[in-house]
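Coordinate inspection notes
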Amino acid sequence: MELRQLAYFVTVAEELHFGRAAERLHIVQSAVSQQIRRLERELGTDLFDRSPRHVRLTGAGERLLPEARTVLAAAERARAAVARRTVLRVGTSTGLGAHLDRVLDAYAELAPGTGVELVSAPARERTAQVRDGRLDAAFLRAGPDGPEPVAGLRAVPVWQEPLMAALPARHPLAAAPDVAVADLAGLPLGLTERRNHPALVDLVVGACHDAGFTPRPGPRTGTLQDTLATIGAGASPLWTVVYASHARVVHSSRVAFVPFRSPGLALTTVLVVRDGEGDSDDALAAFREACRKPPPNSDDHDH
């Protein structure tokens, strides 16, 4: 049994799709399938129930999954124990803006001998990579009730992320000093699918319901950049939300970013680490300290 086979198994178990697992692992699908088959032959049992319509864990696969994660985490800890830490691997996403610059500057002072490798990936993949040791930590955004608990991981709140409304620059509300969610009831809302960002979608849709309306879905776009381009084109009025710090670095004469009226909308950014790590890991402890350092001449209330 090889660590590589266990890593492939865990990835397929999380995706329940061999193609998506191969994309995550940056290898061809046939290589994933081959290694899983070898692992199954060695164990003498099927780990996945495969059909043209679905991939599911068998009972043996469900029993192996937590053990495989434990083995992979132990292997990573063993490597870290004998290797001098030179790089901290941190999962990120778009929109961290000035916060990330601040953290990296503070970390460079606290741990000058350790570099930071930033890895951009969807939230679910960042969580999985922290859990199996491929990342040392990851930034995630959580709703009012915090992130969904994940066995073996700990989430440390690091800052609040206010949201702003993005509107066509020619819309009457674009010149307002702030906007109430109810003011946007007549416009379609362009948001990512919930599976991509449950905390954000739940927060915004919930705010609309609290304001007395159900938002009309706008046209589907692939990315926030695509949504902003659609808003700026003005062919069909549309609104979305962006983090305040991201809005500060987006320059568009066709899109206006307007704060939400008090109390506003905000998400909490957390730093996710493996349970029990960060106390004995000096590099990770320093990174957590860097996250907590306030920016100069600021109350740190942006995203």
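The structure this text deals with has already been given above.
**Considerations on helix α2 (residues 18-25)**
Taken across its 8 residues, α2 has 6 buried, putting it largely inside the fold. Those residues of α2 not exposed but buried are Phe 18, Gly 19, Ala 21, Ala 22, Arg 24 and Leu 25. Buried-residue contacts for α2 involve α1 (3-15), α3 (29-43), β1 (48-50), β2 (55-57) and α6 (123-131). Once α2 ends, the next one or two residues include His 26, with phi positive near 60°.

**Let's talk about the packing of α2 against α3**
Relative orientation of the contacting elements α2 and α3 amounts to 105°, with a least axis distance of 8 Å. For the element pair α2 / α3, the angle class is roughly perpendicular. Residues Phe 18, Gly 19, Ala 22 and Leu 25 of α2 form the contact with α3, whose own contacting residues are Gln 29, Val 32, Ser 33 and Ile 36. Considered class by class, the residues forming the contact of α2 with α3 number 5 nonpolar, 3 polar and no charged.

**Thoughts on the environment of Tyr 8**
Along the polypeptide, Tyr 8 turns up in helix α1. The class for Tyr 8 is buried, based on a relative accessible area of 12%. Separated by 23 residues in the primary sequence, Tyr 8 and Ala 31 have C-alpha atoms spaced 9.4 Å apart. Apart from the residues lying within four places of it in its own chain, the contact partners of Tyr 8 are Leu 25, Ile 27, Ala 31, Val 32, Gln 35 and Ile 36.

**A word on the pattern of salt bridges**
When their charged atoms lie close together, side chains carrying opposite charge are able to pair. In total, this model carries 17 salt bridges according to the counting rule given. One salt bridge in this structure joins Glu 2 and Arg 4, with 3.2 Å as the shortest N-O distance. A residue is classified by how much of its surface remains accessible, and Glu 2, at 38% relative accessible area, is partly exposed. Residues joined by salt bridges that share partners form a network here, namely Glu 14, Glu 15, Arg 20, Arg 24, Arg 69, Arg 124 and Arg 131.

**Observations concerning the nonpolar core**
Within the largest apolar cluster, 25 residues are counted, with the highest numbers of intra-cluster contacts made by Leu 163, Leu 184, Val 204, Trp 239 and Phe 260. Mapped by element, the contributors of at least two residues to this core are β6 (153-168), α7 (198-210) and β7 (240-243). For this core, the element with the highest residue contribution is α7, accounting for 7 residues. In contact with Trp 239, other than residues within four places in its own chain, are Ala 166, Leu 167, Leu 184, Leu 187, Pro 188, Leu 189, Gly 190, Val 204, Cys 208, Ile 231 and Phe 260. Formed by 22 residues, the second largest nonpolar core is a distinct cluster that contains Phe 9, Ala 21, Phe 48 and Leu 65.

**Description of the environment of Ala 138**
Residue placement: Ala 138 occurs in strand β5 (residues 137-142). Look at Ala 138 and you get buried, because its relative accessible area is 1%. Considered as a pair, Ala 138 and Val 103 are 35 residues apart in the sequence and their alpha carbons are 13 Å apart. If sequence neighbours within four positions are ignored, Ala 138 has contacts with Gly 91, Arg 126, Val 130, Val 270, Leu 271 and Val 272.

**Brief notes about the packing of aromatic side chains**
Evaluation of the coordinates by the stated rule reveals 6 aromatic pairs. Plain terms: the ring middles of Phe 139 and Trp 159 are 5.3 Å apart, the flat faces sit at 35° to each other, and that makes the pair tilted. Taken together, the residues span a long stretch of sequence, with Phe 139 in strand β5 and Trp 159 in strand β6 at a distance of 20 residues. Its relative accessible area of 1% is what places Phe 139 among the buried residues. Here Trp 159 falls in the buried class, since its relative accessible area comes to 4%. Linked through ring pairs, Tyr 107, Phe 139, Trp 159 and Phe 287 together constitute an aromatic cluster.

Parameters at a glance
Counting starts from 1 at the beginning of each chain's written sequence and moves along it residue by residue. Confidence filtering applies because this is a predicted model: local features only for residues at pLDDT of at least 70, side-chain atom pairs given and counted only at 80 or more, and all residues used for totals across whole chains, interfaces and linings. To get the side-chain values, all heavy atoms of the structure are used, and hydrogens and water are removed first. Residue exposure (1.4 Å probe, protein chains only): buried if accessible area is under 20% of the type maximum, exposed if over 50%, otherwise partly exposed. Per the convention used, a helix needs a DSSP run of H or I reaching at least four residues, while a strand needs a run of E reaching at least two, with both numbered from the N terminus. What makes two residues a contact is simply this: any of their non-hydrogen atoms within 4.5 Å. Convention adopted: a line fitted to C-alpha atoms gives each axis, helices being fitted over their contacting stretch, and angles between N-to-C directions are expressed from 0 to 180 degrees. Reported orientations rely on four angle classes, namely roughly parallel under 35 degrees, roughly antiparallel over 145, roughly perpendicular from 65 to 115, and oblique for the rest. Polar here means any residue other than Ala, Val, Leu, Ile, Met, Phe, Trp, Tyr, Cys and Pro, which are nonpolar, and Asp, Glu, Lys and Arg, which are charged; Gly is therefore polar. Each reported salt bridge corresponds to a side-chain nitrogen of Lys or Arg within 4 Å of a carboxyl oxygen of Asp or Glu. Put simply, a nonpolar core is a bunch of buried Ala, Val, Leu, Ile, Met, Phe, Trp, Tyr and Cys residues held in one set by side-chain atoms that sit within 4.5 Å of each other. Working definition: a ring pair exists when centres of Phe, Tyr or Trp rings (six-membered ring for Trp) sit within 6.5 Å. Plane angles under 30 degrees give stacked, over 60 give edge-to-face, the rest tilted.

What is shown is where atoms sit, not what they do.
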